[in-house]
Structure formats: structure tokens, C-alpha cells
Amino acid sequence: MSLKKERLTLKTVGIVAEYNPFHNGHKYQIEQIKKQTNADNIVIVMSGNFVQRGGMAWTDKYLRSQMAIKCGADFVFEIPSVFACASAPNFALGSVALLDSLGFVDEICFGSEEGSLELINKIALTLNDENYFDVIDKYLKSGLSFPAAREKFITAMFPNEKETITKLLKQPNNILAIEYIKALNSLKSRIK
């Protein structure tokens, strides 16, 4: 009798979170990610005691981590404060780099108000364009704010979607979604 060796492959999905506070919507998200992606493991990278806008979290990181574990997460890792308190690009880069460094995360799951991964991905790729910083610099020198300059650059690239993009760029989860994809691309991550 011979035993056939089979490789055990586990699917792991990562979530970037603050859980400030952890609520039933977060529990539902974890449940749905496991269900819809057939994930074996959910890895959370979470802000510590300080959250993205620099304030204190409503409760300490240990209690928020326990809540996530009790509600279906398998691992919780802390985003270093230098990234956890940063603006969207650095918050996303630090969070994605942490997930990527683990070496066992297959996918990242995030929400957005837009809901169109295709459009968010197109915008993220556009922001990696080699001319981006030169054009943005020109717009900034003309007196535009950074968000207005970025919007002007992107809508110039996609004039037929100007109204949709203008709305999309004003919503915080869309902005983070764009930044997560940019970070994955910048790191040349294997995470999908």
C-alpha cells in the first residue's frame, strides 16, 4: 500500500483595519470574506493604540485584537505607528508591506464606496505613470491643492469618466483602495 503525498495549500486573505471600534459590520466582513473567497485564514493588520488621524483608539490594541480573533480572524499584527498615523499613501504602503512581508498572504480584501475594482485599478495604475509627479508639481505651483491637482491629472487621463472619478476621489474608502493597489504594484507583491 502506498501513501500519496499531497501538499496542503491554505488560502490566506489579509484585511487592513483600525477597528475603532470593532463592530458587527467588521464581524460580518470577516465572515463574508471567508465565505466568498474560501479563505482558510484571515490576517488582520491593525493600527495599535494610535489610529490614522493620530488620535488615540477608543480602547487598547489588545482588546480590539481579541474582538477580531473572537469574531473569526486568525492572526492580528500591529501596523507600526509611523504608518498607522500617516496619510493614506503611507498608511496603505506600510500596511501592504506588512502583509507582504508575512509571506503567506494570498489576497487582500478591502471595501470602497465605488465598488468597481476595474476603475479603482485603472486610477491606481494612472498614479504610477512616470509623468504624474511632473504634472502634479506644475498644478501645485499654479495654486491647486494636492487633492485638486490629483483629480485634475486623473480626469485628464479619463475625460469620459470625469464625473464618476470626481465623486470617487472624494470618498475615503475609495482613496484607500487606490492606495492599496498602488502599494501592491510598487512592492511588486504577489498578493492579489
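Let me begin by describing the structure that accompanies this report.

Details of the overall build of the protein chain
Argument step 1. Per the secondary structure count, the protein chain includes nine helices and four strands.
Argument step 2. When its helices and strands are written in sequence order, the protein chain yields β-α-β-α-β-α-α-β-α-α-α-α-α.
Argument step 3. The principal-axis extent of the C-alpha atoms belonging to the protein chain is close to 70 × 45 × 25 Å.
Argument step 4. Counting only contacts in the protein chain whose residues sit at least 6 apart along the sequence, the fraction spanning at least 24 positions is 72%.
Argument step 5. Carbon and sulfur atoms make up 54% of the accessible area of the protein chain, which totals about 11100 Å².
Argument step 6. Of note, the protein chain has its 23 positive side-chain charges centred 2 Å away from the centre of its 21 negative side-chain charges.

Quick look at the nonpolar core
Argument step 1. Val-16, Leu-99, Ile-108 and Tyr-180 are the most contacted members of the largest nonpolar core, which has 19 residues in total.
Argument step 2. Secondary-structure elements contributing two or more residues to this core are strand E2 (41–47), helix H4 (88–102) and helix H9 (172–187).
Argument step 3. No other element matches H4, which puts six residues into this core.
Argument step 4. Those residues within four positions of Leu-99 in sequence are excluded, and the remaining contacts are Gly-14, Val-16, Val-43, Val-45, Val-105, Ile-108 and Ile-191.

Cut-offs used in this document
- Residues numbered from 1 in each chain as written.
- Predicted model: local features only at pLDDT ≥ 70, side-chain atom pairs only at ≥ 80, totals over all residues.
- Heavy atoms only, no water.
- Helix = DSSP H or I, 4+ residues; strand = E, 2+ residues; numbered from the N terminus.
- Contact = heavy atoms within 4.5 Å.
- Areas by Shrake-Rupley, 256 points an atom, 1.4 Å probe, with all protein chains shown as cover.
- Lys, Arg positive; Asp, Glu negative; His and termini not counted.
- Charge placed at Lys NZ, Arg CZ, Asp CG, Glu CD.
- Core = buried A, V, L, I, M, F, W, Y, C linked by side-chain atoms within 4.5 Å.
- Buried < 20%, exposed > 50% of the residue type's maximum accessible area, 1.4 Å probe, protein only.

That is the geometry; function is a separate question.
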